[in-house]
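# Fold and geometry: a report
This is what each chain is made of:
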Amino acid sequence: MRLLYDAVLPNSLSQEAPANFELDRWDGEAVSDAELVRASGERGCRGVILWGRDSLQQADLQETAQEAGVALVAVEADNPIDAKNRILKNLSALHRTLEDNDRLLVLANEVRPLGGGG
């Protein structure tokens, strides 16, 4: 499974992920969340990982994700290192949940689908 993640998250996320997960860090210039979502679709990713749940509430971002054919994955955490650790801890659940959902929230010990099945 291939996911693109926001540059605010540590680059080490890519190296620490298991081999069956291709986690690509955005390496371009600073862009809006919508542009990041579009870029994930252009790169053939299943979804885009953003830090903070606010992105999941933006109707225009949800629409952009739907048009790009990608899922929105938000990580609720106090800082980028904590967010990275939560992603790594929950990768198996994230993989399972992404099969049937297009909006997910990664918490400390769970991945919560927020509707928008795909």
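Above this text you will find the structure in question.
To start, this report covers the structure provided alongside it.

Each value, and the rule that gives it
- Residues numbered from 1 in each chain as written.
- Predicted model: local features only at pLDDT ≥ 70, side-chain atom pairs only at ≥ 80, totals over all residues.
- Heavy atoms only, no water.
- Core = buried A, V, L, I, M, F, W, Y, C linked by side-chain atoms within 4.5 Å.
- Buried < 20%, exposed > 50% of the residue type's maximum accessible area, 1.4 Å probe, protein only.
- Helix = DSSP H or I, 4+ residues; strand = E, 2+ residues; numbered from the N terminus.
- Contact = heavy atoms within 4.5 Å.
- Polar contact = N/O pair within 3.5 Å; in protein donor to acceptor, adjacent residues only side chain to side chain.
- Pairing = 2+ DSSP bridges.

## Quick look at the nonpolar core
Formed by 21 residues in total, the largest nonpolar core has its most connected members in Leu23, Ile49 and Leu94. Counting only elements with at least two residues in this core, the list comes to strand 1 (2-5), strand 4 (71-75), helix 4 (80-89), helix 5 (91-98) and strand 5 (103-106). Broken down by element, the residue count for this core peaks at 4 residues, all from helix 5. With near-sequence residues (within four places) excluded, Ile49 lies in contact with Leu3, Leu4, Tyr5, Asp6, Leu9, Leu23, Val73, Val75 and Ile87. Formed by 17 residues, the second largest nonpolar core is a distinct cluster that contains Cys45, Leu56, Ala65 and Leu105.

## Thoughts on the side chain of Asp24
Structurally, Asp24 can be placed in strand 2 (residues 22-25). Residue classification places Asp24 among the buried residues on the basis of a relative accessible area of 16%. Of the polar contacts made by the side chain of Asp24, one reaches the side chain of Arg2; its length is 2.6 Å. Among residues more than four places away in sequence, those in contact with Asp24 are Arg2, Leu3, Leu4, Tyr5, Ser14 and Arg43.

## Brief notes about the environment of His95
With respect to the secondary-structure elements, His95 resides in helix 5. A relative accessible area of 30% means that His95 is categorised as partly exposed. Separated by 55 residues in the primary sequence, His95 and Ser40 have C-alpha atoms spaced 17 Å apart. Not counting chain neighbours up to four residues away, the residues in contact with His95 comprise Met1 and Phe21.

## Side note on the pairing of strand 3 (residues 47-51)
Taken across its 5 residues, strand 3 has 4 buried, putting it largely inside the fold. Alignment of strand 1 against strand 3, held across 3 bridges, turns out to be parallel. In the sheet register, Leu3 faces strand 3, and the bridge partner there is Gly47. Relative to strand 4, strand 3 is paired through 5 bridges, and the arrangement is parallel. Looking across to strand 4, one finds that Leu50 is bridged to Ala74.

Everything listed is a geometric property; what it means functionally is a separate question.
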